[in-house]
Amino acid sequence: MSKLKGEALLLIAAVIWGTAFIFQKMGMDYIGPFTFTFFRFGVGALAMVPVLMISDRFKSRKDPGSVMPISSKLLVTGGVLVGLANFAASALQQIGLIYTTAGKAGFITATDLVMVPFILVILRKKVPLLTWIGVAVAMVGMYLLCMKEGFTMEIGDLFCFGGAAGFAIQIVLIDKFVDRVDPLKLAFWEFAVTAVFSLLFALIFEEIDLGQVVQCAVPLLYTAVLEVCVAFSLQMVGQQYAPPAIATIIMSFESVFAALSGMLFLGEVMSGREALGCVIMFAAFIIAQIPEMRREE
């Protein structure tokens, strides 16, 4: 597969992720955030089963020894750690969508791309100067997008910001395990662990009404099958062929598609200040990737 095809797959994934915000927002009209997250990732994990079966059959024909058992200790360990980070991030994001717009949630969530350097520093890894500049620019954009008079952030934005921090941790954890395990099986364990913890919290804090779950079928199926199963699989395949920095920039377009879909389908409107914040934040995503792009030239 060519580099161009790999980038095309990543762009399709970004479109799915971005438009999924409006379905996540719609889902909050029917059920609670933990219940939504449980069904979203539970159905997503089930949808991964035939994908894994096809993948294993294809690999076994080429090299039977290349098929990693689903119960591999390293795979399960990675899946649990990534799943816990994904649960925290997804739950916080879903709660935030009760109080904020899909467009703003998309841009705030995308700041995980510039939070990663802070985590790398904690892990004692060197971070280029341009990446730090990108972080600083993103903070300016975040201020314009989210901060109100009195230097306060709305509660929904705060939850989404917490979700973005969780996704940043998830990105670092995936990077640690993805080259040592089957990435699709790692995704399955991630989704399954997220679903289990979401169900636990739903049983404690929410009342699961199956009638309302049925009414929420369209948002749930879109986010479970297309966003969770399909888009993540496209990301895994696409990143095998597209350079990492380019892949990250393409995936950051998720924020643009989130804002556009929110305006087109939910009638959301951004103020001039908020729109400027979005533009500045998107510029920050690009700046933060320049060092990696230079290394790949």
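Parameters at a glance
Residues numbered from 1 in each chain as written. Predicted model: local features only at pLDDT ≥ 70, side-chain atom pairs only at ≥ 80, totals over all residues. Heavy atoms only, no water. Helix = DSSP H or I, 4+ residues; strand = E, 2+ residues; numbered from the N terminus. Areas by Shrake-Rupley, 256 points an atom, 1.4 Å probe, with all protein chains shown as cover. Buried < 20%, exposed > 50% of the residue type's maximum accessible area, 1.4 Å probe, protein only. Phe/Tyr/Trp six-rings, centres within 6.5 Å; stacked < 30°, edge-to-face > 60°. Salt bridge = Lys/Arg side-chain N within 4 Å of Asp/Glu carboxyl O. Expected span 1.5 Å × (residues − 1). Bend = angle between axes of the 7 residues up to and from the residue. Axes fitted to C-alpha atoms, helices over the stretch in contact; angles between N-to-C directions. Parallel < 35°, antiparallel > 145°, perpendicular 65-115°, else oblique. Left-handed = near helix turned anticlockwise from the far one by under 90°. Contact = heavy atoms within 4.5 Å. Nonpolar A, V, L, I, M, F, W, Y, C, P; charged D, E, K, R; others polar.

S.K.: Before we go on, may I ask you to explain the overall build of the protein chain in this structure?
M.R.: What the protein chain contains, in helices and strands, is 13 helices and two strands. Roughly 14,100 Å² of accessible area belongs to the protein chain as shown, and the carbon and sulfur atoms make up 71% of that amount.

S.K.: Please explain helix α5 (residues 112-122) as it appears in this structure.
M.R.: An α-helical turn contains 3.6 residues, so any two residues separated by three or four positions project in the same direction. Looking at α5, one finds that the buried residues are Asp112, Leu113, Val114, Met115, Val116, Pro117 and Ile119. Count one or two residues on from α5 and you reach arginine 124, which has phi positive near 65°.

S.K.: Just to check I follow, could you spell out the packing of aromatic side chains for this structure?
M.R.: How two aromatic rings sit relative to each other is given by the distance of their centres and the angle of their planes. A full pass over the atoms with the stated rule returns 10 aromatic pairs. Residues phenylalanine 23 and tyrosine 222 carry aromatic rings whose centres are separated by 4.1 Å and whose planes lie at 15° to one another, so their mutual orientation is stacked. Placement of phenylalanine 23 in helix α1 (residues 3-27) and of tyrosine 222 in helix α10 (residues 217-238) is noted, with a sequence separation of 199 residues between them. The exposure class of phenylalanine 23 is buried, given its relative accessible area of 16%. Relative accessible area serves as the criterion here: at 18%, tyrosine 222 is assigned to the buried category.

S.K.: What exactly am I supposed to notice about the pattern of salt bridges here?
M.R.: Side chains carrying opposite charge are able to pair once their charged atoms draw close together. Applying the stated criterion to the full structure yields five salt bridges. Notably, a salt bridge pairs lysine 104 with aspartate 157, separated by 3.1 Å at the nearest N-O pair. You can see lysine 104 sitting in helix α4 (residues 102-109) and its partner aspartate 157 sitting in helix α7 (residues 155-177), a full 53 residues away along the chain. The exposure class assigned to lysine 104 is buried, which follows from its relative accessible area of 4%. A single salt-bridge network, built from bridges that share partners, covers Lys104, Glu154 and Asp157.

S.K.: Even after reading the chapter, I still don't get helix α2 (residues 33-62), so can you show me in this structure?
M.R.: With 30 residues, α2 should reach 44 Å at 1.5 Å per residue; the first-to-last C-alpha distance of 43 Å fits that figure. The sharpest bend along α2 reaches about 25° and sits at valine 49, with the proline proline 50 one to four residues further on.

S.K.: How should I be thinking about the packing of α5 against α7 in this particular structure?
M.R.: Any two packed helices are characterised by the angle at which their axes cross and by the distance between the axes. The interhelical angle for the contact between α5 and α7, taken along N-to-C directions, is 60°, at an axis separation of 8 Å. The orientation of α5 with respect to α7, classified from their angle, is oblique. For the pair α5 and α7, the crossing hand works out as right-handed. Across the interface between the two elements, Asp112, Leu113, Met115, Val116 and Ile119 of α5 pack against Phe161, Ala164, Ala165, Phe167, Ala168, Ile169, Ile171 and Val172 of α7. Considering only residue class, the contact of α5 with α7 consists of 12 nonpolar, no polar and one charged.

S.K.: Help me out: how do you make sense of the environment of glycine 166 in this one?
M.R.: Within the secondary structure layout, glycine 166 lies in helix α7. When the C-alpha atoms of glycine 166 and valine 82 are compared, they prove to be 10.0 Å apart, with 84 residues separating the residues in sequence.

S.K.: Hey, could you run me through the packing of α2 against α10 in this one?
M.R.: At a closest axis distance of 8 Å, the pairing of α2 and α10 adopts a crossing angle of 50°. Considered as vectors, α2 and α10 are oriented oblique to each other. Regarding α2 and α10, the two cross each other, and that crossing is right-handed. Facing α2, whose interface residues are Phe36, Phe39, Arg40, Phe41, Val43, Gly44, Ala47, Met48 and Val51, α10 presents Pro219, Leu220, Thr223, Ala224, Val225, Glu227, Val228, Cys229 and Ser233. Grouping the constituent residues of the contact of α2 with α10 by class yields 13 nonpolar, three polar and two charged.

S.K.: What's the story with the environment of glycine 163 in this structure? I'm lost.
M.R.: As for its position among the elements, glycine 163 is in helix α7. What makes glycine 163 buried here is its relative accessible area of 0%. Separated by 76 residues in the primary sequence, glycine 163 and phenylalanine 87 place their C-alpha atoms 9.3 Å from one another. Leave out the neighbours within four places in its chain, and glycine 163 touches Ala89, Leu92 and Gln93.

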